[in-house]
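Here is what each chain is made of, one letter per residue.
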Amino acid sequence: MKARQGSRIGQIFADGRQIDEALRLAARDAIKKHALHDAPVVIWRDGRTAWVPARELSTKTPRKTTQKGTRSAKRARRPA
């Protein structure tokens, strides 16, 4: 299915930043979950797949986008 050039989804795909940020956040969350369960992560290294302990991988991916529809640097707290 082809997205129309002027549609919202077409603009998101053309720009690509929101997609890149979503992938970075998903990778960070997956590494954290693997570390929590002491499970290795399969990565691509030197042209092959490799099993790497999650604790050896960095999860320090900054949250930098603040555009509508993406995560912001800080989540607003709801009043108690």
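See the structure shown above.
Calculation rules
- Residues numbered from 1 in each chain as written.
- Predicted model: local features only at pLDDT ≥ 70, side-chain atom pairs only at ≥ 80, totals over all residues.
- Heavy atoms only, no water.
- Pairing = 2+ DSSP bridges.
- Helix = DSSP H or I, 4+ residues; strand = E, 2+ residues; numbered from the N terminus.
- Salt bridge = Lys/Arg side-chain N within 4 Å of Asp/Glu carboxyl O.
- Buried < 20%, exposed > 50% of the residue type's maximum accessible area, 1.4 Å probe, protein only.

1. With respect to the pairing of strand E2 (residues 48-53)
As paired strands, strand E1 (residues 40-45) and E2 are joined by 6 bridges and run antiparallel to one another. Paired with Ile43 across the strands is Ala50, a residue of E2. Hairpin remark: E1 followed by E2, antiparallel, with 2 residues in the connecting loop; positive phi at Asp46, about 55°.

2. Quick notes on the pattern of salt bridges
This structure, assessed with the given rule, holds 4 salt bridges. Across the pair Arg17 and Asp15 runs a salt bridge, and its minimum N-O distance is 3.0 Å. With a closest N to O distance of 3.6 Å, Arg28 and Asp29 form a salt bridge.

3. Details of unusual backbone geometry
Positive phi, normally seen in glycine, also occurs at Asp38, with a value near 55°. Positioned with a positive phi, Asp46 is a non-glycine residue whose angle comes to about 55°. Following the sequence through the fold, Asp46 ends up in the loop between E1 and E2. Judged by its relative accessible area of 73%, Asp46 falls in the exposed class.

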